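In case you want the letters, here they are:
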Amino acid sequence: MTRRIFRTVFFVAISMFLASVVLFMTVLYDYFSVVRREELKVQTELAAQGVQLEGLLYLKDLGNLNCRITWIDADGNVLYDSRSYAGEMENHLEREEVREAMEKGYGTAARSSFTLAERYLYSAKRLEDGTVLRLSAAQDSLPALFFGMLRPLCLIFAAAVCLSFFLASRLAKKIVKPLNELDLDDPLGSGAYEELSPLLVRISWQREELLQTSKFRREFTANVSHELKTPLHTISGSAELLAEGMVKPEDVPAFSRRIYGEAKRMIRLVEDILRLSHLDEGAGDMEWEWVDLYALAEEAAESFSSGAKAAGIAFLFSGEPAVVFGIRQLLQGIVYNLCDNAVKYNRPGGSVSLELREDPEGVFLVVADTGIGILAEHQERIFERFYRVDKSHSREIGGTGLGLSIVKHAVNLHRAKLELSSTPGRGTRIVVRFLKEGKRIHGKENC
């Protein structure tokens, strides 16, 4: 970047210098041309007055001048020339300045030599007797003027190159210095250019996001390891006792059931982790369709009713037919996990109500229980992965700690709203609201 800035600044400086030289030479040449024309005109007027008073004698007494004097009669014949013999010169009647002087009294012209190295200015004046007095002077052309000043221009150009090189190098280092000193650990406190503020804010935000992601991954890995380690220890210990023949024959079925139960717990945990991983990727390969949410809720009610009844919990279902556009598997997971938590964290003699209703705002899925409830400080975190309010109770009932996290991801994927209200000792109420307004979710339309 330093080299690019240096090259740009150096190129701009040299280009401006060259453009200035060309402009200066052009303006200077035009200025001297105007001045020379005016001088030649004044000299022509003075010479004309002298010729009219003294005639040819005046011209011969002038001596050597910095201009050429030619006296022409009315027919174009040269009567006198200060540089050549008049009798050998061609007729000047068709010369532009002579013809103009004869017609208007005064004429001018400018012609370049064949070599283009010199340019000649002509000034002619008609005298009272009809003759024309013409003065001509050489003027260097623009290329000749340039080459005449080439040596000083080269010296100036060399000085300009050195100065531009020094300034460009210094400026490039000065521009890049704040960027090189940028502290990526604290980008907002680096005091860099104000124009970089949006970029630094984004870097700071991405850094915080990476730190949070790294922290989340470490916690997730630790939680997964912990959750897998407990059933593995149980399975390993029970299997070792069975393999060593240290279990009484009548206790073998109990040990087998324990191994089977812990294996099922591990399978559920792995399935939930895979489901969450799939949801993190957006579940783009899942099929979106119109789903009868009432039928899914009814199936869940039938599935949980017997288990709830055995635990002394009443399971109530009510609602009306409602259809939403979404992913059947995820919608089923929302209903299942909410009902599963409502039953697990309830108490004997309690109740669970599953309600489905529809109004102009959308479709509402409501799951309420009369269980242990959730303290206010835990309510914002219960949807985090592996977060448990009461870890001992959660382990007793065999939960993986991922159910509500799956619910949250699935709800967000469907652009639905999730609301929770809970009172410790009185129960919890969770509402999932599916919006009715037509929206597109990952290229799909939501009802």
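As a reminder, the structure under discussion sits directly above these lines.
Thresholds, definitions, all that
- Positions within a chain are numbered from 1, following the residues in the order the chain's sequence is written.
- This being a predicted model, a pLDDT of at least 70 is required before a residue's local features are given, and a value of 80 or more before pairs of side-chain atoms are given or counted; all residues contribute to the totals for chains, interfaces and linings.
- The side-chain values count all of the structure's non-hydrogen atoms but skip hydrogen atoms and water molecules.
- A carboxyl oxygen of Asp or Glu within 4 Å of a side-chain nitrogen of Lys or Arg is what we treat as a salt bridge.
- Counting from the N terminus, the helices are the DSSP runs of H or I reaching at least four residues and the strands are the DSSP runs of E reaching at least two.
- Buried residues are those whose accessible area, probed at 1.4 Å on protein chains only, stays under 20% of the maximum for their type, while exposed residues exceed 50% and partly exposed ones sit between those limits.
- Like-charged residues within 9 Å of one another, or nonpolar side chains (Val, Leu, Ile, Met, Phe, Trp, Tyr) within 5 Å, are grouped into patches, provided each residue has over 30% relative accessible area and no salt bridge.
- Surface accessibility follows the Shrake-Rupley procedure with a 1.4 Å probe radius. Residue values consider only the protein chains on display as shielding.
- His is not counted here, nor are the chain ends, while Lys and Arg score as positive and Asp and Glu score as negative.
- Charged side chains are reduced to one point each, which is NZ for Lys, CZ for Arg, CG for Asp and CD for Glu.
- Interaxial angle, 0 to 180 degrees, is taken between N-to-C directions of lines fitted to C-alpha atoms, where a helix line uses only the stretch in contact.
- Should the near helix be turned counterclockwise from the far one by less than a right angle, the crossing is left-handed, whereas a clockwise turn marks it as right-handed.
- Throughout, a contact is declared for two residues whenever any of their heavy atoms are within 4.5 Å.
- For classification purposes, an angle smaller than 35 degrees is called roughly parallel, one larger than 145 roughly antiparallel, one from 65 to 115 roughly perpendicular, and anything else oblique.
- The residue classification treats Ala, Val, Leu, Ile, Met, Phe, Trp, Tyr, Cys and Pro as nonpolar and Asp, Glu, Lys and Arg as charged. All others, Gly included, are polar.
- At least two bridges found by DSSP between two strands are what make those strands a pair.
- Among the buried residues, those of types Ala, Val, Leu, Ile, Met, Phe, Trp, Tyr and Cys that are joined through side-chain atoms within 4.5 Å form a nonpolar core.

Trainee: Could you clarify how one ought to interpret the pattern of salt bridges in this entry?
Mentor: Opposite charge on two side chains permits them to pair, given that their charged atoms come into close proximity. Using the criterion set out here, one finds ten salt bridges in the structure. Ionic pairing is found between Glu39 and Arg36, a salt bridge with its closest N-O pair at 3.3 Å. Here Glu39 and its partner Arg36 are both found in helix H1 (residues 2-54), three residues apart, which amounts to about one turn of the helix. The class of Glu39 is partly exposed, set by a relative accessible area of 39%. The exposure class assigned to Arg36 is buried, which follows from its relative accessible area of 14%. A salt bridge links Glu355 to Arg357; its shortest N-O distance comes to 3.7 Å. Of the residues examined, Glu355 reaches a relative accessible area of 30% and is grouped as partly exposed. Shared partners join several salt bridges into a network, and the residues in it are Glu97, Arg111 and Arg134.

Trainee: How do you make sense of a negative patch on the surface when you look at a structure like this?
Mentor: Taken together, Asp292, Glu298, Glu299 and Glu302 make up a surface patch of like negative charges. The element best represented in the negative patch is helix H8 (residues 293-310), accounting for three residues. Structurally, Glu298 is set in helix H8.

Trainee: Sorry, what's going on with the packing of helix H9 (residues 328-344) against helix H12 (residues 403-413) here?
Mentor: A pair of packed helices is captured by two measures, namely the crossing angle of their axes and the spacing between those axes. One can describe the packing of H9 onto H12 by two numbers: an axis separation of 9 Å at closest approach and a directional angle of 145°. As for how H9 packs across H12, the hand of that crossing is left-handed. In this structure, H9 uses Leu330, Gly333, Ile334, Asn337, Leu338 and Asn341 to contact H12, whose residues at the interface are Gly403, Leu404, Ile406, Val407, Ala410, Val411 and Leu413.

Trainee: Where do I start with the packing of H8 against H9 in this structure?
Mentor: For the pair H8 and H9, interaxial distance at closest approach is 10 Å and the crossing angle is 30°. Between H8 and H9, the angle is such that the two are roughly parallel. Crossing geometry of H8 relative to H9 is assigned as right-handed. Where H8 approaches H9, its residues Leu293, Leu296, Ala297, Glu299, Ala300, Phe304 and Ala308 are matched on the opposing element by Arg328, Leu331, Gln332, Val335, Tyr336, Cys339, Asp340 and Val343. For the contact of H8 with H9, a count of residues per class yields eleven nonpolar, one polar and three charged.

Trainee: Would you mind showing me how to read unusual backbone geometry here?
Mentor: Leaving glycine out, the prevailing phi sign among residues is negative, and the prevailing peptide bond configuration is trans. At Arg415, a residue that is not glycine, the phi angle is positive and equals roughly 55°. The topology assignment puts Arg415 in the loop between H12 and strand S11 (417-423).

Trainee: When you look at the sheet that holds strand S12 (residues 427-435) in this model, what are you seeing that I'm missing?
Mentor: Backbone hydrogen bonds are what pair the strands of a sheet, in a parallel or an antiparallel way. Taken together, the five strands give an open sheet; going across it, the order is S7-S9-S10-S12-S11, and neighbouring strands pair in mixed fashion. The two strands at the open ends of the sheet, each matched to only one other strand, are strand S7 (314-319) and S11. Mean inter-strand twist for the sheet, computed between neighbouring axes without regard to direction, equals 10°. Where S7 and strand S9 (residues 351-359) come together, six bridges link them in parallel fashion.

Trainee: What's the story with the nonpolar core in this structure? I'm lost.
Mentor: If you look at soluble globular proteins, the nonpolar side chains tend to sit buried side by side. Membership of the largest hydrophobic core comes to 42 residues, with the highest contact counts inside it found for Leu293, Phe315, Ile334, Leu354 and Phe434. Within the residue set of this core, elements represented by two or more residues are H8, strand S8 (323-326), H9, S9, strand S10 (362-369), H12 and S12. Excluding its chain neighbours within four sequence positions, the residues that come into contact with Phe434 are Leu293, Val324, Leu331, Ile334, Glu361, Gly362, Val363, His414 and Ala416. Listed in part, the 14 residues of the second largest apolar core include Cys67, Leu127, Leu133 and Leu135.

Trainee: Looking at this structure, how should I read the side chain of Ser136?
Mentor: For Ser136, the position within the fold is in strand S5 (residues 132-140). Once residues lying within four places of it in the same chain are set aside, the contact partners of Ser136 are Leu40, Cys67, Arg68, Leu121 and Tyr122.

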